[in-house]
Structure formats: C-alpha cells, structure tokens
Amino acid sequence: MLERKWKRQVPVYLFTGFLESGKTTFMNESMAEPEFTAGERNLCILCEEGEVEPDFTDNTEISIEYIEDEASVSKEYFLMLNEKYKPEKILIEYNGMWKMEDLYLTMPDNWIICQEMTFVDSGSFTAYNMNMRNLVYDKLKYTDMVIFNRFEEDYDVMEFHKTVRNANRNAQIIYESPAGKIQVDEIEDPLPFDVEADTIELEDRDYAYWYQDIMAEPDVYKGKTMILSAMVKSKGIEGKDRFVVGRPLMTCCAEDIEFAGMRCIAECDTALEHNNWARIEGKVHIAVNEKEDQRVPVIHVSKIEYTEMPDNVLATFY
C-alpha cells in the first residue's frame, strides 16, 4: 500500500555549493514568491549553517528538516521524511563538503531532480579549485546552472568558464556582480573535431572532449563512423563479441583518473586482445539502458587494427 502510494513523482530542487556561496539567500528569495510555495506541501532539507539564516521558518506551507552530518544522508532517512511530510515539492540545500554521489544514490526513486543549481563565491573560487579540486568538480559535473556571485569586473571570465566546461559542457553559466548585475556566459566552445562530418577520425589528444560530448549528446553521433585509438577491454564483459575501448581520463587531478570506456560490438573476425591498444573503426548506434532510463552510445566495430601503446595514454582537457 505504502509503495503504491509513493510512486507519485516528487520534484526536487537541489542547491549546491560551498559555505557563503549564496545558496540560502537564493532560497529565501524563492520562498518569498507566493506562486513557488502556495497550495503545495513543501519540504526543505538544510545540510549546513551559514551566516544567512532561512527566513521562511514561519511559513506553514514549508516543513524544514536539518541534516547535521553526512552519515545521516541515507535512503531510510529520506523515506521516513516521505512518509512524515508527504511532500509535493522538495528543496535541498546540500553541504559543499559532501559528495554528490551520496545524495544521488540515496534519494527515493520517486524523488526526481528537476533542477540542480550550483552557487559559487567568485572571490574564493580559485582557492577552492586549487586546494579542493575534486570537490569543486563534484559540484559542477551534473549541475544545470552555475551562478558565480560577487563577480568583479577585473576577474578573468575565461578562467571561470574553462573550469566549468571541463566538468560540464551543458550547464548554463551566470556571473552576478556585487551590485546585482547579471551577465550570462555566451562563450562558444567549438569541439576540436568536425562533429558534422559523417566520419570522425579522432586525434589522440581529443579523446576527453569527444568522450564527454558523446556521453552527453549521444544522438548527435548516431549513424556516424568513428575512427579512434584506444585500449581494448574484453575480460569480464558478457558476450564474446562485446568489449569496451577507452583511455584513462583525468578531469581535474591525478586522484580522479578513471577509465573512460565506450561500449562496442565487434562485427569483424579480428580476435579481441584484452588490454592491448588498437585503432578501431565503426558506426555509432544508440542503446537504451532501461534500468537508468538513459540512451547510451555503442560502436558497432567493423575494423580493428592492433597498434603500439601511444606515448601519452592519458586523456585530458588541454
């Protein structure tokens, strides 16, 4: 009975960023809008305390819960909140020092993130990015919008822009001056290869940009022929003609290096040699991951030629 009852989807508005970045101020402004809260059961989950206090505590249409430590972020806790408040809309102000994955993996299935916004204090951004780059990247990777508050005229826009784009090609970027003047980032980011071509022959140094783009916009590559060099991974993959090609990818620093692999199906007779480097050619198809409700690219490989390991195997955003 309870499971059927809570299959109704609940929209979640997620506000991330480090302390004093402007999250609570924005929430206060949002909550002050009658159309944002009126007529709904709103649940606000606050995960840190800053200098600015929430000023909507007396609003009877908004229930507030506080999470004081990261260990409390659990599916059991969120399900309890679901049952207790029966929310129709949820706002989460998430602690900037906590990993986003811990939240994503513990939210109930019917909690749907409809907007994620990341707030940044422009004056401290460079220091955060130098000293806690993993956490900065963690907040930028999946966000829909980045708002740089207190952005002074003499700041280097391109430095801020590149940092965001190395983590996220699709997020909207907004710069707000101390006086409240808004500037929307309209800098174009052309890819280092011709995405309009029917056949894309990838240079080794462009792998990171290609991988980021095809995973974000797989349908753009549907039907295109890819030619690229990568490492073949065939062990532990179900199906004798299934394999993965990829490279170790570094997004921000050595600690975050991970293998960025692309699913492949062999349509040629060449034997698969695990952990060897190869130049492959094949056409991009789209598969549907029903479990995660995602469209994912798969290369149907028509040609495999084994090669020597390149001098630089690491994929980076240069």
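From a predicted model like this one, the values you see are computed outputs, not experimental measurements. Sequence order sets the numbering: in each chain, residues are counted from 1 along the sequence as written. Only residues with pLDDT of 70 or above have their local features reported here, since the model is predicted, and side-chain atom pairs are shown and tallied only from 80 upward, although totals for entire chains, interfaces and linings are computed over all residues. Side-chain numbers here rest on the full set of heavy atoms in the structure, without hydrogens or water.

## Digging into a negative patch on the surface
The patch calculation keeps residues exceeding 30% relative accessible area without a salt bridge and links them within 9 Å when they carry like charges or within 5 Å when they are nonpolar (Val, Leu, Ile, Met, Phe, Trp, Tyr). Using a 1.4 Å probe, accessible areas were evaluated by the Shrake-Rupley method; residue-level cover was limited to the displayed protein chains. Any carboxyl oxygen of Asp or Glu that lies within 4 Å of a side-chain nitrogen of Lys or Arg is treated as forming a salt bridge with it. Only four residue types enter the charge count, namely Lys and Arg as positive and Asp and Glu as negative; His and the chain termini do not. Lysine's charge is taken at NZ, arginine's at CZ, aspartate's at CG and glutamate's at CD. A contiguous patch of negative charge, built from Glu49, Glu53, Glu68, Asp69, Glu70, Glu101 and Asp102, is present on the exposed surface. Elements are defined by DSSP. Helices are runs of H or I of four residues or more, strands are runs of E of two residues or more, and each kind is numbered from the N terminus. By secondary structure assignment, the location of Glu49 is in the loop between β2 (42–46) and β3 (62–66). Glu49 sits in the exposed class, given a relative accessible area of 63%. The rule is simple: take the accessible area with a 1.4 Å probe, protein chains only, and divide by the maximum for that residue type; under 20% is buried, over 50% is exposed, in between is partly exposed.

## Let's talk about the nonpolar core
For soluble globular proteins, nonpolar side chains are generally found buried alongside one another. Judged by nonpolar contacts, the single largest core of 32 residues is most densely connected at Trp210, Tyr221, Met226, Leu228, Val245, Ile280 and Ile299. For this core, the secondary-structure elements that each account for two or more residues are α9 (207–216), β10 (225–233), β11 (242–250), β12 (258–266), β13 (277–289) and β14 (294–306). Residue contributions to this core peak at six residues, all from α9. Working rule for contacts: check all heavy atoms of both residues, and any pair within 4.5 Å makes them a contact. With residues near it in sequence (within four places) discarded, Ile280 still touches Met226, Ile227, Leu228, Val245, Cys264, Ile299, Val301, Lys303 and Ile304. Note on terminology: a nonpolar core comprises buried Ala, Val, Leu, Ile, Met, Phe, Trp, Tyr and Cys residues joined through side-chain atoms within 4.5 Å.

## Re the environment of Leu91
Take Leu91: it is sitting in strand β4 (residues 89–93). Placed 49 residues apart in sequence, Leu91 and Leu140 show a C-alpha to C-alpha distance of 18 Å. Not counting chain neighbours up to four residues away, the residues in contact with Leu91 comprise Tyr13, Phe15, Met27, Met31, Phe36, Leu43, Cys44 and Ile45.

## Concerning the environment of Ala278
On the secondary structure map, Ala278 appears in strand β13. Sequence separation of Ala278 and Ser63 is 215 residues, and the distance between their C-alpha atoms is 57 Å. When sequence neighbours within four positions are dropped, the list of residues in contact with Ala278 reads Leu228, Ser229, Ala230, Val232, Ile304, Glu305, Tyr306 and Thr307.

## Structural notes on the state of the cysteines
Disulfides are defined in this document as cysteine sulfur pairs within 2.5 Å. Using the criterion set out here, one finds zero disulfides in the structure. With no disulfide of its own, Cys44 lies closest to Cys47 among cysteine sulfurs, the gap being 9.1 Å. Assessed through its relative accessible area of 0%, Cys44 is described here as buried.

## Structural notes on the sheet that holds strand β7 (residues 172–176)
For sheets, the rule is that strands pair by backbone hydrogen bonds, running either parallel or antiparallel. At least two bridges found by DSSP between two strands is the condition for calling them paired. Strand order in the open sheet formed by eight strands is β3-β2-β4-β1-β5-β6-β7-β8, with mixed pairing between adjacent strands. Pairing within the sheet leaves two strands with one partner each, and these edge strands are β3 and β8 (182–184). The average undirected angle you get between the axes of adjacent strands in this sheet is 20°. Note that β7 and β8 share three bridges and pair antiparallel. Each bridged residue has a counterpart across the sheet, and for Ile174 the counterpart in β8 is Val184. Contacts between helix α6 (residues 122–131) and the sheet are confined to β5 (111–121) and β6 (145–149), with β5 contributing the most and set at about 100° to the helix. Note on geometry: axes are C-alpha line fits, over the in-contact stretch for helices, and angles between N-to-C directions span 0 to 180 degrees.

## So, α6
Because an α-helix packs 3.6 residues into every turn, residues spaced three or four apart end up facing the same way. Turning to α6, its buried residues are Ser122, Phe125 and Asn129. End-on view of α6: buried residues confined to an arc of 20°, all on one side of the axis. Among the exposed residues of α6, those pointing more than 90 degrees away from its buried face are Gly123, Met130 and Asn131. As for α6, its buried residues are in contact with β5, α7 (133–140), β6 and α8 (157–167). The directions considered for the arc run from the helix axis to the C-beta atoms.

## Some details on the pattern of salt bridges
Summed over all chains, the structure comprises 14 salt bridges. With a closest N to O distance of 3.8 Å, Lys75 and Asp109 form a salt bridge. Taken together, the residues Lys75 in helix α4 (residues 75–85) and Asp109 in the loop between α5 (100–104) and β5 connect sequence positions 34 residues apart. Accessibility expressed as a relative area gives 30% for Lys75, which makes it partly exposed.

## Quick notes on α8
When α8 is considered as a whole, its buried residues turn out to be Phe160, His161, Thr163, Val164, Arg165 and Ala167. Sitting at the head of α8, Asp156 places a side-chain oxygen 3.1 Å from the backbone nitrogen of Met158. Side-chain atoms alone can form a polar contact between residues adjacent in sequence; in general such a contact is a pair of N or O atoms within 3.5 Å, and within protein one must be able to donate a hydrogen while the other accepts it.

## Details of unusual backbone geometry
A positive phi is found at Glu20, a non-glycine position, where the angle reads about 65°. Mapped onto the elements, Glu20 comes out in the loop between β1 (10–17) and α2 (23–31). In this structure Glu20 comes out as partly exposed when scored by relative accessible area, which is 31%. Backbone geometry places Asn275, a non-glycine residue, at a positive phi of 70°.

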